[in-house]
Amino acid sequence: MSKPTEQRADGCSIFFTLIIVVLLSSAFIWIHSILQPNEPGDVSLMTDKDRAQKIESHQKENQIFISRINQYHSDQNSSLNVIMSNVVSKYNTLEKNNN
């Protein structure tokens, strides 16, 4: 007969290893969250201000560009109706010339 020895279940060591990994991961995340500063540093604050200024300047340039385009179209009176009428009249003259 075989000698009686202590036999543990195969999944037992995996289960304990999993518990240890989860606990260590939780501890690492908890320590990392404690060590994070609440306020952004001076460098990131300066970077955020620079970005905000650049965004504001681009928005101003965009508004100027849009107003120039609208002014051009209002000066040229290029509405969709006028443009389509011009296309139709040009098509009609081309059609008459080809016949």
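Check the entry above for the structure.
In what follows, the accompanying structure is described.

**Some words on the overall build of the protein chain**
Counting secondary structure elements, the protein chain contains three helices and zero strands. Residues classed as buried in the protein chain amount to 0% of the 99 residues present. In the form shown here, the protein chain has an accessible surface area of approximately 9900 Å², with 61% of it arising from carbon and sulfur atoms.

**Side note on the pattern of salt bridges**
Here the structure, examined in full by the defined rule, presents one salt bridge. Between Lys60 and Glu56 there is a salt bridge, with the nearest N and O atoms lying 3.5 Å from each other. With a gap of four residues between them, Lys60 and Glu56 both fall in helix α2 (residues 42–76), about one helical turn apart. You can call Glu56 partly exposed: its relative accessible area is 43%.

The rules behind these values
Residues numbered from 1 in each chain as written. Predicted model: local features only at pLDDT ≥ 70, side-chain atom pairs only at ≥ 80, totals over all residues. Heavy atoms only, no water. Helix = DSSP H or I, 4+ residues; strand = E, 2+ residues; numbered from the N terminus. Buried < 20%, exposed > 50% of the residue type's maximum accessible area, 1.4 Å probe, protein only. Areas by Shrake-Rupley, 256 points an atom, 1.4 Å probe, with all protein chains shown as cover. Salt bridge = Lys/Arg side-chain N within 4 Å of Asp/Glu carboxyl O.

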